[in-house]
Amino acid sequence: MDAARHWEETMSNDDLFGTNAFSRLDETDDEIFYARDRFVQHLDSTALATVEQLIGQLVIEENPIILDLMSSWDSHIPASVQPSKVVGLGLNKNELEQNPALTEYVMHDLNKFPLLPFPDASFDAVLNTVSVDYMTNPIETFGEVGRILKPGGLFLVIFSSRMFPQKVTRVWRQAGENERIILVEEFFRHSQLFETPKVFISKGKPRPQDDKYAHLGIPSDPIYAVYADRKGAQAGRMRRPEVSSQHGSPLPAETLQQRIDAVKETLRCPHCGDIMRKWAVPYTPFTTWDVDFMYICFNDTCPYLMRGWEAMNKQGNRGLSHRLMYDPVRQRCMPVPVPSLDALKESIVE
Ligand SMILES: C[S@@+](CC[C@H](N)C(=O)[O-])C[C@H]1O[C@@H](n2cnc3c(N)ncnc32)[C@H](O)[C@@H]1O
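Residues numbered from 1 in each chain as written. Predicted model: local features only at pLDDT ≥ 70, side-chain atom pairs only at ≥ 80, totals over all residues.

**Some points on the sheet that holds strand β6 (residues 198-202)**
Convention followed: By definition, two strands form a pair when at least two bridges between them are found by DSSP. Strands here mean DSSP runs of E at least two residues long; helices mean DSSP runs of H or I at least four residues long; both are numbered from the N terminus. Every axis in this analysis is a line fitted to C-alpha atoms, fitted for helices over the stretch in contact. Angles between the N-to-C directions lie between 0 and 180 degrees.
The strand order across the open sheet formed by 7 strands is β3-β2-β1-β4-β5-β7-β6, and the pairing between neighbours is mixed. Two strands in the sheet have a free side with no partner beyond their single neighbour: β3 (104-107) and β6. Averaged over all adjacent pairs, the angle separating strand axes in this sheet is 15 degrees, with direction ignored. Strand direction decides the pairing type here: β6 and strand β7 (residues 223-229), joined by 5 bridges, are antiparallel.

Have a look at this one:
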């Protein structure tokens, strides 16, 4: 074992993430909490479709052997994947028994018994959907996933913003949504068995009309994924694609350019066609804009905004998207960064 790995292995969760980072409000046995059947979806239908699409794009192995880690009654595996075997590991027997994707299942509490009951290098892909927030020994669990994955195999960790708060670890509850991405990246990194993880973000899609929370006027549940291949893939094996959330199809370049050129007359966003709103530039010592007003597209489903979460993340700007802003003096469109859908709206003047 090299010195760096030994040092990491002797570090405790407390050393790495702070004392009691993985404590929970409800410290009773997980088996007790999950004994009650919950035949519910934990995401709205738009978000679920994104999850399926993501799994379909990333699991590229032919007839893969898959582990659904922390599984319930739906594994979200699209028909295109055609697995030869899907094992579910979870805590509720009725839910696992009724999961149509599973060819077999095991009841196993991974918080109590971090060693996973599978041989080394026995899976092509391990999926973990909306459950990483319940892991109390994530470094050990990620290490175990690395052990049971074949070299080059995929560990795909998908999460959102909904949770059973009493069973979620303290560090997860206290982190913001963007910090949670970093947390999962850290779990991968500290296990030392994976290639550099990649991030996928889908945020701001319209909520389906028939969803029970549609009346709240909130967007579809965000989907975040952090995924990485087990180190040691054979040279020349099929590469996993870079995936990116598709939010509307970008307009052909010449049409987009024509629309950008027309903004001075139309004041319409070239990406979605909505009227841009007049916006008072705030007076702060940090603003370098020397105009009193700008025009900004405040359409919460504008493709420019929706693509922006991922585009900004790729540039290292965690947790930001951008809206399109038009400077009427210089007659120029430019991006203005936003940390949330509500940001900047307080200065709309018309
Ligand atoms: C929010 S549900 C998600 C279920 C499923 N992955 C999905 O996408 O619908 C969390 C799941 O984690 C499982 N789980 C929670 N704590 C666990 C533990 N300590 N060991 C194993 N599974 C656990 C539960 O059985 C439950 O089904």
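Additional details are given in the paragraphs that follow.
**As for the domain arrangement of the protein chain**
Stated formally: Domain borders in the structure are assigned automatically or taken from a domain database. As a working rule, the residues Ala, Val, Leu, Ile, Met, Phe, Trp, Tyr, Cys and Pro are called nonpolar, Asp, Glu, Lys and Arg charged, and the rest polar, with Gly in that last group.
Looking at the protein chain, the domain boundaries give domain 1 (3-229) and domain 2 (253-347). When each unit is reduced to the centre of its C-alpha atoms, the spacing between domain 1 and domain 2 is 35 Å. For the side of domain 1 that touches domain 2, the secondary structure elements donating two or more residues are α8 (177-191) and β6. A breakdown of the residues in the side of domain 1 that touches domain 2 according to their chemical character gives 4 nonpolar, 3 polar and 3 charged.

**Here's the deal with the sheet that holds strand β9 (residues 293-296)**
Where we set the bar: Distance between backbone-placed C-beta atoms decides contact: two residues are in contact if it is within 7 Å.
Spatially, 4 strands are ordered β8-β9-β10-β11 in an open sheet, and the strand pairing comes out antiparallel. Every other strand in the sheet has two partners, leaving β8 (277-280) and β11 (332-338) as the edge strands with one partner each. The average angle at which neighbouring strand axes cross in this sheet is 40 degrees, direction not considered. Sheet strands in contact with helix α10 (residues 303-314) are β10 (321-327) and β11, and its direction is about 120 degrees off that of β10.

**Side note on the nonpolar core**
Inclusion rule: Defined on buried residues, the nonpolar core groups Ala, Val, Leu, Ile, Met, Phe, Trp, Tyr and Cys residues joined through C-beta atoms within 7 Å. Put plainly, a residue is buried at 20 or more neighbouring C-beta atoms within 10 Å of its own, exposed at 12 or fewer, and partly exposed in between, counting only other residues' C-beta atoms, which are placed from the backbone.
Grouped together as the largest cluster of nonpolar side chains are 57 residues, with contacts concentrated most on Phe-155, Leu-156, Val-157 and Ala-225. At 7 residues, strand β5 (residues 149-159) tops the list of elements feeding residues into this core. Filtering out sequence-adjacent residues up to four positions away, Phe-155 remains in contact with Val-126, Val-145, Leu-149, Phe-194, Tyr-227 and Ala-228.

**Focus on the packing of helix α6 (residues 138-148) against α8**
This is how the line gets drawn: An angle counts as roughly parallel when it lies under 35 degrees, as roughly antiparallel when it exceeds 145, as roughly perpendicular when it falls between 65 and 115, and as oblique in every other case. For any pair of crossing helices, the crossing counts as left-handed if the nearer helix is rotated counterclockwise from the farther one by less than a right angle, and right-handed if it is rotated clockwise.
Interaxial distance between α6 and α8 falls to 8 Å at its minimum, and their mutual angle equals 60 degrees. If you check the angle between α6 and α8, you find them oblique. The two elements α6 and α8 cross, and the hand of that crossing is right-handed. Where α6 abuts α8, its residues Pro-138, Ile-139, Phe-142, Gly-143 and Gly-146 lie against Phe-187, Phe-188, His-190 and Ser-191. Partitioned by chemical class, the residues of the contact of α6 with α8 number 5 nonpolar, 4 polar and no charged.

**Looking at the pairing of strand β4 (residues 123-129)**
The criterion, for reference: Here a crossover is taken to be right-handed if, once the strands point away from the viewer, the path from the first strand over the helix to the second is traced clockwise.
Of all the 7 residues making up β4, 7 are buried; the element is thus mostly covered by neighbouring parts of the structure. With 3 bridges joining them, strand β1 (residues 65-69) and β4 adopt parallel strand pairing. Residue Leu-67 lies in a different strand from β4, and its bridge partner there is Val-126. Here 6 bridges tie β4 to β5, and the two strands are oriented parallel to one another. Within β5, the position partnered with Val-126 by the bridge is Phe-155. One crossover worth recording links β4 to the parallel β5 by way of α6, and it is right-handed.

**What about α6?**
Within α6, 10 of the 11 residues are buried, which leaves it mostly tucked inside the rest of the structure. The set of residues buried in α6 consists of Pro-138, Ile-139, Glu-140, Thr-141, Phe-142, Gly-143, Glu-144, Val-145, Gly-146 and Ile-148.

**Focus: the site of the ligand**
Applied cut-off: Being near a molecule or strand means, for a residue, that its C-beta atom, positioned from the backbone, comes within 6 Å of it.
The ligand sits among 17 residues. The nearest are Asp-30, Met-70, Ser-72, Leu-91 and Thr-129. Split into classes, the residues belonging to the shell around the ligand amount to 6 nonpolar, 8 polar and 3 charged.

**What about the environment of Pro-222?**
Note on placement: Pro-222 falls in the loop between β6 and β7. Residues Pro-222 and Thr-103, spaced 119 residues apart in sequence, show a C-alpha to C-alpha distance of 30 Å. Those residues in contact with Pro-222, other than ones at most four positions away along the chain, are Ser-160, Ser-161, Glu-177, Ser-202 and Lys-203.

**Structural notes on unusual backbone geometry**
Positive phi, normally seen in glycine, also occurs at Asn-20, with a value near 65 degrees. Within the fold, Asn-20 resides in the loop between α2 (13-17) and α3 (30-33). By C-beta crowding, Asn-20 is classed as exposed, having 12 other C-beta atoms within 10 Å. Look at Leu-344: it is not a glycine, yet its phi comes out positive at around 75 degrees. Here Leu-344 lies in the segment after β11.

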